[in-house]
Amino acid sequence: MAEPKKGDTVVTVGTRKGVFLFVSRDRKSWTSRGPYFEGETVRHAILDPWDGKTIWAGVTSEHFGPIVARTRNLGGSWTTPKEGPRFPKESGITVTRIWQIQPGLDGELWAGVEPAGLFRSDDGATSWSSVAGLNDQPDRKEWPPGNGGLCLHTILPYPGQRKRMMIGISAAGLFGTNDGGVSWRKMNGGIRGFTPDKVLKDGEGGVTCPHKIVRDAKDPAVLYMQNHRGVYRRTRGDPAWTIIEKGLPVVNKKDPSSFGFPVIAHPYDRGTAFIVPMEGDFNRVVHKGAMAVFRTTDGGKRWERLSKGLPQKDAWFTVLRDAMRTDDSDPAGIYVGTTTGQLYYSRDGGDRWQLLADHLQPIQSVEAGTFGGR
Amino acid sequence: MVGGEPRVRVWLPRALREYSGGEDTVELSGATLAKVIERLNARFPGLGYRLLDDQGRMRRYVLVFVNEDSVGDAGPDAVRLRDGDTVHIVPSVAGG
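Residues numbered from 1 in each chain as written. Chains lettered and ligands numbered in written order. Predicted model: local features only at pLDDT ≥ 70, side-chain atom pairs only at ≥ 80, totals over all residues.

Sorry if this is basic, but what is going on with the overall build of chain B here?
Broken down by element type, chain B carries two helices and five strands. Counting from the amino terminus, chain B carries its helices and strands in the arrangement β-β-α-α-β-β-β. With 96 residues in all, chain B has 27% of them scored as buried. Contacts spanning at least 24 positions in sequence make up 55% of the contacts within chain B whose residues lie at least 6 apart. (Helix = DSSP H or I, 4+ residues; strand = E, 2+ residues; numbered from the N terminus. Buried ≥ 20, exposed ≤ 12 C-beta atoms within 10 Å, placed from the backbone. Contact = placed C-beta atoms within 7 Å.)

Here's what the structure looks like:
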């Protein structure tokens, strides 16, 4: 197997049974590595964008607990720490799964876990500290789980502003901090509730299930969200989230909210984001069995359907919340994994697609980056 | 019996043998399951985390049998061991 070189594209794929790596110099010919952590679920694995070398993998053994492992040689060897994140004794709860790993701005590492919690490591995942300001929220006993469990699945640091962060919890909603995690504010204003005519307000409790949130590549204040109850955008100064669903498929005219799991932003084009609509929460498969990625290039005013090269009949799979990502190449590559084990990708920002890998286990997460950094 | 403590044999499941250098059984001393796990962890650092949850209970899907009898939901501190006991650690039959 050829040794990776600086500039190679690396795609990390977390599945129900291990993690796979795909490496390419030209994004046409790929070599695969793995599976690593055979038999264990990897809900998220990511090439650290700061060094372009370390891959972090959140490995969940349903029997023996979760850890965050790392490799610095593309899977040649893995370092597994002695412990994973742990809730303090007085909490009465236990970390069961790692849902998200996020390299921070100062070399720290963040982990989002189930039951919902945020942890920080300053020694490369060897030890973890609980972010008490969030994990000890007084109403956490009222946080309801989503269908996948009560999980903290999205961690969004704010580029250039180290004390700001937003996180997403299914189904306790969105929380933001401006003071480095000491205090957190609920930021669910404008989101449809689960009862007719209910619309949530900032700062209030209530049930909402953000499936994924992402920052715009050019303006980190601009957020896009795929929620259980629709697709939204929010930016600085907005009092609430705004629905952005024009051009998305409508399954139920009485309830036009667009259901799906992932949302990603283009790596450098302002106002450009991608989602994969599903039929609805009653049937979480791609719309009409025809797979399509939808793209907006104007911040959500309008969505266009992209399907060239994607299966257009009998495609009855799901694309999970972390199973779509971009690389940082030009033109941008986009990678989408399915619960039936296919990995599709586009080398031209979503216009044309092809199969990169097939017959994998249900894909939980996809990340793409550049070996050695960009 | 060593130092007044029972000597027991612990069987490790395949998934945990990376900690024991591939050995499937380990002999050590301990009057309770908690003490045995503490000493397992001292000998093979990290093994304790794999067996006990954040509250010090056996992980939900880890089963323990002492001489073929399940310890059930008993906490590790409450499981008393005798000299010559065999402790089997088994992942529960689950999943797909």
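Is there a simple way to explain unusual backbone geometry in this structure?
Backbone geometry follows two general trends: most residues other than glycine have a negative phi, and most peptide bonds adopt the trans configuration. Residue and element names in this part refer to chain A. Geometrically, the link from Gly34 to Pro35 is a cis peptide bond, its omega value of 5° lying close to zero. Looking at the element boundaries, Pro35 is found in strand 3 (residues 31-36). Residue Arg27 is not a glycine yet carries a positive backbone phi of 60°. Overall, the presence of 19 C-beta atoms within 10 Å leaves Arg27 in the partly exposed class.

Even after reading the chapter, I still don't get the interface of chain B and chain A, so can you show me in this structure?
Put simply, an interface is often sized by how much accessible area is lost when its parts join up. Counting from both sides, the interface comprises 15 residues of chain B and, opposite them, 14 residues of chain A. Class assignment of the residues belonging to the side of chain B that touches chain A gives a composition of seven nonpolar, four polar and four charged. (Nonpolar A, V, L, I, M, F, W, Y, C, P; charged D, E, K, R; others polar.)

What am I meant to see in helix 1 (residues 33-43) of chain B here?
Residues separated by three or four positions in an α-helix point in the same direction, a consequence of the helix having 3.6 residues per turn. All names here are of chain B. Within the sequence span of helix 1, burial applies to Leu33, Val36, Ile37 and Leu40. Projected onto a plane normal to the axis of helix 1, the buried residues spread over an arc of 100° and lie on a single side. Contacts made by the buried residues of helix 1 are with strand 1 (7-11), strand 2 (25-29), helix 2 (47-51), strand 3 (62-66) and strand 5 (86-91). (Arc of directions from axis to C-beta.)

It is not clear to me how the pairing of strand 3 of chain A should be interpreted in this structure. Could you clarify?
Regular strands have side chains that alternate between both faces of the sheet. Residues and elements named next belong to chain A. Note: strand 2 (residues 18-24) against strand 3, four bridges, orientation antiparallel. Within the sheet, the bridge partner assigned to Leu21 lies in strand 3 and is Arg33. Connecting strand 2 to the next strand, strand 3, in antiparallel fashion are six residues, including Arg27 with a positive phi near 60°. (Pairing = 2+ DSSP bridges.)

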